[in-house]
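Letter by letter, the chains look like this.
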Amino acid sequence: MNYSKMSNRDIIIKFAIPQMIGLVFNSIYFIIDGIFIGQKLGSDALAAAGVAIPVVEIMIALSMLISVGAGVVISASLGKGKTEAANKMFNKANLITLVLAFAIVILGNLFIEPIARLMGATDLIIDDTVVYLRYFLTASPFLIFSFTLSTFARNDNAPKLAMWALIVGSLSNIILDWFFMYPLDMGMAGAALATSLGPVFSVIILLPHFLKKKGVLHFKLELFKIKDIVLIIRKGLSAFITNFSIGLVTLFYNLAINHNNMGEITLSAYVIIGYLALIALTAFLGAAQGIQPAISYYSGSGENHKIRELSRFSIIFNITIGIILMVIIWLLGSYIISLFTMDTNLNAYTNKIASIYFLNLVFAAANIMIATILQALNQQKYSTYLSLMRSTVPLICLLLILPILVESDGIWYAITLVEGITLGISYIIWKKVMAENNEMIQELESASL
């Protein structure tokens, strides 16, 4: 793929939008579970599924750590015309993923109840949480490979295949959710089983692309070394933290709700908020990951002016998506929430929280795009720093301080304050990196004269 001949608009349409659609549909795995669980089994079961969500998001983050980290190397190698090096990295990353996936299956099932407790499960919902996690952890290799292979397909000039693989997996989950929970009446186990089986269909769709050598990347046994793991982690750490931050934010809010004795109804309300946030954040991540191959390619080919142009265009694109989603939640929040629960009190309470919580979307949209671009440019230190800012120490501090200043409802302002502070720092870093790129361009032009 020669990105040099493509306009910014074409890159967004061909790569960013399909990846965004694919990830959003993939998020529907968990959202459909929430709708079926809330309508069929009630708010306590919904809270149990919500407590399990951080584990799901951690699995996704791990898959992105490997696939995006390797993808940066693959795209840069392709930009330099080194196709053999790109394919070697592809196969090393797949073997690392396989080892990681089976380690998760074994260790996850061994320590499943402590994991559930750590995620915030109370005595009331611990049994349902364990049931949900057991199915999910056992089938987690398929979820992990559905994300890694779709990322590699995007790097191998097959963004629509990646999109359709994730969409089919999501639609399969919807059908299986209905089948297991209604005709078979399997309860929480049915919801968990449907979520576990959905990614199987995604993997089945993606495999032929690599098995039949339809692109540059194809399967070949390639043993990895420790230095390969270190390289992938270094390149993909920011992507891991960005994805992991979704689970971290959910976990910290669950713990804050329990710490402030806000009750199961608040936990259930935040589960619904978490499902809606997952759609928004995966949309931002999808757009950002969609342009990553192009940015890495330009970095490898030395086209710094193209980096600046595409970066600006992409940041504006993500911010626009954030504004649209925020307006939709404000205008249609009560209706959307009613899909998850028939409890009018829970609906009203959740809608009140949502109007405050989702003020963060515009800031988050810009932060995620900037962090991903910095990662694609090998600015790993800055990218990782911004990703950590969004989800760790500042958020924990505000979740502890705000309830003291403005009572327990103050926690809902924490995420917006954190994203706003991070955006200010993002802008400073962004200006610095772009200034360095300008200096590089001027030096190259002077040398050519």
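Everything that follows concerns the structure shown earlier in this document.
Residues numbered from 1 in each chain as written. Predicted model: local features only at pLDDT ≥ 70, side-chain atom pairs only at ≥ 80, totals over all residues. Heavy atoms only, no water.

**A closer look at the side chain of threonine 422**
Rules: Helix and strand labels come from DSSP, where a helix needs a run of H or I of at least four residues and a strand needs a run of E of at least two; each type is numbered from the N terminus. Here the term buried applies to any residue with accessible area under 20% of the maximum for its type, exposed to any over 50%, and partly exposed to those in between, with areas from a 1.4 Å probe on protein chains only. In protein, a polar contact means a hydrogen-donor-capable atom and an acceptor-capable atom, both N or O and within 3.5 Å, with residues adjacent in sequence counting only if both atoms are side-chain atoms; elsewhere, any N or O pair within 3.5 Å suffices. Any pair of residues with heavy atoms lying within 4.5 Å of one another is described as a contacting pair.
Mapped onto the elements of the fold, threonine 422 is located in helix H16 (residues 414-448). Residue classification places threonine 422 among the buried residues on the basis of a relative accessible area of 0%. Looking at threonine 422, its side chain comes within polar contact range of the main-chain oxygen of valine 418, at 2.8 Å. In contact with threonine 422, not counting residues within four places along its chain, are Asn367, Leu386, Met389 and Arg390.

**Focus on the nonpolar core**
Rules: Definition used in this section: a nonpolar core is a set of buried Ala, Val, Leu, Ile, Met, Phe, Trp, Tyr and Cys residues joined via side-chain atoms within 4.5 Å.
With 129 residues, the main nonpolar core has Ile37, Tyr253, Phe284, Ile291, Tyr357, Phe358 and Trp412 as its most contacted residues. Tallying contributions element by element places helix H10 (residues 263-301) first for this core, with 22 residues. Counting residues in each nonpolar core, the second largest holds 21 residues, with Ile74, Ala93, Phe145 and Ile232 among its members.

**Some thoughts on a nonpolar patch on the surface**
Note the following rule: Like charges within 9 Å and nonpolar side chains (Val, Leu, Ile, Met, Phe, Trp, Tyr) within 5 Å are joined into patches, using only residues over 30% in relative accessible area that form no salt bridge. Calculation of accessible area relied on Shrake-Rupley with a 1.4 Å probe; when residues are assessed, cover is drawn exclusively from the protein chains displayed. Any Lys or Arg side-chain nitrogen found within 4 Å of a carboxyl oxygen on Asp or Glu counts as a salt bridge.
Residues Ile323, Ile324, Val327, Ile328, Trp330, Leu331, Leu332, Tyr335, Leu339 and Leu359 make up a contiguous nonpolar surface patch of roughly 940 Å² in combined accessible area. Position of tyrosine 335 among the secondary structure elements: in helix H11 (residues 304-338).

**Structural notes on the packing of aromatic side chains**
Short version of the rule: Here is the rule: rings of Phe, Tyr and Trp (six-membered ring for Trp) pair when centre to centre is within 6.5 Å. Planes less than 30 degrees apart are stacked, more than 60 are edge-to-face, and the remainder are tilted.
All told, the structure shown has 11 aromatic pairs when counted by the stated rule. Summarising the aromatic geometry, the rings of tyrosine 253 and tyrosine 270 are spaced 5.0 Å apart at their centres and angled 25 degrees between planes, so their arrangement reads as stacked. One end of the pair, tyrosine 253, is in helix H9 (residues 226-259); the other, tyrosine 270, is in helix H10, and 17 residues separate them in sequence. Judged by its relative accessible area of 2%, tyrosine 270 is buried. Ring centres 5.5 Å apart and planes at 5 degrees place the aromatic pair tyrosine 253 and tryptophan 412 in the stacked group. Here tyrosine 253 is found in helix H9, whereas its partner tryptophan 412 is found in the loop between helix H15 (393-406) and H16, with 159 residues between them in sequence. Here tyrosine 253 falls in the buried class, since its relative accessible area comes to 0%. Aromatic rings pair up to connect Tyr253, Tyr270, Tyr357, Phe358 and Trp412 into one cluster.

Keep in mind these values describe shape, not function.
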